[in-house]
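One-letter residues, chain by chain:
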Amino acid sequence: MYEDESLMKLLAVDDDRGTLAIFKNALAGLGLRIFTATSSESALDVVKSEHPQIVLLDLVLPEVTGFELLDRILPIDPFVSIDQQGVGELIHIANERGRKTRKNLKLGIRIHLIR
C-alpha cells in the first residue's frame, strides 16, 4: 500500500492496545500517518525511523513514565516542539476536574480516556 509521505506523522504510545485502537479509529479520517507503540523502546524506534511531528504519550507506562520517555525522545529528535506551559495547564485542568467529580481523589493527577 502506498503511504503519502506529505502527511503529518503521529505516534501514539500506550501499553493498552485497546486504547491505541480507539486513538487510531478516532484519528483515522484526519489525514495523518498514524504509528503506534506499546513500549518505550518501540516508541523510540518509531521516533528514530519516522520522526513524527505529533506524539501522544501515556503518562504511566510499565517501564518508564511518559515524561521520562519524552526526555529520551528530545535528544533523538531535537526539532520536536513541546508546549510545556500548555501541557502543564492541561494537567492542572484535568486535576481540578478530577477532584470535582471524585471528591475522594487522593493521588493527585489522574488522566484517563473515558470510553
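Residues numbered from 1 in each chain as written. Predicted model: local features only at pLDDT ≥ 70, side-chain atom pairs only at ≥ 80, totals over all residues. Heavy atoms only, no water.

Asks: Quick rundown of unusual backbone geometry? Include the residues and the values.
Replies: Its identity is not glycine, yet histidine 51 carries a phi of approximately 50°, on the positive side. In this structure, histidine 51 sits in the loop between α2 (40-50) and β3 (54-57). (Helix = DSSP H or I, 4+ residues; strand = E, 2+ residues; numbered from the N terminus.)

Asks: Outline α2, listing residues and values.
Replies: Within α2, the full set of buried residues consists of Ser40, Ala43, Leu44, Val46 and Val47. Buried residues along α2 cover an arc of 160° about the axis, so they all sit on one side. For α2, the elements touching its buried residues are β1 (8-13), β2 (32-37) and α3 (66-76). Immediately beyond the C-terminal end of α2, within one or two residues, lies histidine 51, with a positive phi of roughly 50°. (Buried < 20%, exposed > 50% of the residue type's maximum accessible area, 1.4 Å probe, protein only. Arc of directions from axis to C-beta. Contact = heavy atoms within 4.5 Å.)

Asks: Describe the nonpolar core, listing the residues and the values that go with them.
Replies: In this structure, Leu11, Val13, Phe35, Ala37, Ala43, Leu44, Val46, Val47, Leu61, Val64, Leu69 and Ile73 together form the largest nonpolar core, which totals twelve residues. Among the secondary structure elements, those contributing two or more residues to this core are β1, β2, α2 and α3. When residues in this core are grouped by element, the largest group, four residues, is from α2. Leaving out residues up to four positions away in the same chain, phenylalanine 35 has contacts with Lys9, Leu10, Leu11, Ala12, Val46 and Glu50. In this structure, Ala12, Leu20, Leu32 and Ile34 belong to the second largest nonpolar core, which totals six residues. (Core = buried A, V, L, I, M, F, W, Y, C linked by side-chain atoms within 4.5 Å.)

By themselves, these observations are geometric and do not establish any function.
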